[in-house]
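Architecture and fold: a report
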Amino acid sequence: ANSVAAATGMGMMLSYGIQADNMDYVEWKLGYRAEAAVASMNSFIVKASGGVGSAIGAYLLAYYHYVPNAATQAEETIRGFYNINFAIPGLFTLISLIVWGTGYPLSKKAIQQMMLELSERRNLVMVEQPAEVGISQSRPGLASEASAD
């Protein structure tokens, strides 16, 4: 149980690191920052997968004829518990690792290249459009409103 909790915690930390890389990837490919879109998509995926995963668990308990509050469970139900807790998650983990290993475009080399190009772009923008001193850089229009008073 402790190893499952540790793996879940590490997976959640990894998720936030990947989310940050994805935000930079969107900027690199499309030329603009999209933090809100990436964060909202991540939140939606986490919530949707939690709901779908819970539903699948409930359906599997019914499939394996689980009887709540029974003193003993049928042999088929006990085998089903093994499948629900180990075999099925193991299979999906293996599939995820294969998809991740073959389909995720951000290798260490790609991230280094992406960060180099983004740094150059950001420095170029800073040179071409230096930030104005004052509150106008945080919200457009505030400088003109403040001067009108």
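Let us look at the structure shown here. (Residues numbered from 1 in each chain as written. Predicted model: local features only at pLDDT ≥ 70, side-chain atom pairs only at ≥ 80, totals over all residues. Heavy atoms only, no water.)

**A short note on the side chain of Gln73**
Convention followed: Helix and strand definitions here come from DSSP, where helices need a minimum of 4 consecutive H or I residues and strands a minimum of 2 consecutive E residues; each element is numbered from the N-terminal end. As used in this structure description, the phrase polar contact means that two N or O atoms lie within 3.5 Å; if the pair is within protein, one of them must be able to donate a hydrogen and the other to accept it, and residues adjacent in sequence are counted only when both atoms belong to side chains. In what follows, residue pairs with any heavy atoms lying within 4.5 Å of each other are defined as contacts.
By secondary structure assignment, the location of Gln73 is in the loop between helix H2 (35-63) and helix H3 (75-103). Of the polar contacts made by the side chain of Gln73, one reaches the backbone oxygen of Val67; its length is 2.7 Å. For Gln73, the residues in contact, after removing those within four places along its chain, are His65, Tyr66, Val67, Ile78 and Phe81.

**Things to note about the packing of aromatic side chains**
To be explicit about the condition: Centre distance within 6.5 Å is the pairing criterion for rings of Phe, Tyr and Trp, where only the six-membered ring of Trp is used; planes under 30 degrees apart are then read as stacked, over 60 as edge-to-face, and the remainder as tilted. In this analysis the charged atom, NZ for Lys or CZ for Arg, is taken to sit over a ring once it is within 6 Å of the ring centre and within 35 degrees of the ring normal.
Within the structure shown, the criterion is met by five aromatic pairs. In this structure, Lys29 packs its charged tip against the face of Trp28, placed 4.8 Å from the ring centre.

**Some thoughts on the pattern of salt bridges**
For clarity, the cut-off: Every case where a carboxyl oxygen of Asp or Glu lies within 4 Å of a side-chain nitrogen of Lys or Arg is listed as a salt bridge. Summary of the burial criterion: residues with accessible area below 20% of their type's maximum are buried, those above 50% are exposed, and those between are partly exposed, where the area comes from a 1.4 Å probe applied to protein chains only.
Summed over the entire model, instances satisfying the criterion amount to five salt bridges. The closest approach of N and O atoms between Arg33 and Glu35, which form a salt bridge, is 2.8 Å. A relative accessible area of 35% means that Glu35 is categorised as partly exposed. If you follow the salt bridges from partner to partner, you end up with Asp24, Glu27, Arg33, Glu35 and Arg122 in one network.

**Topic: the side chain of Gln19**
Mapped onto the secondary structure, Gln19 falls in helix H1 (residues 2-30). Only 3.0 Å separates the side chain of Gln19 from the side chain of Asn42, close enough to count as a polar contact. In contact with Gln19, not counting residues within four places along its chain, are Val38, Ala39 and Asn42.

Coordinates in, geometry out; function isn't part of it.
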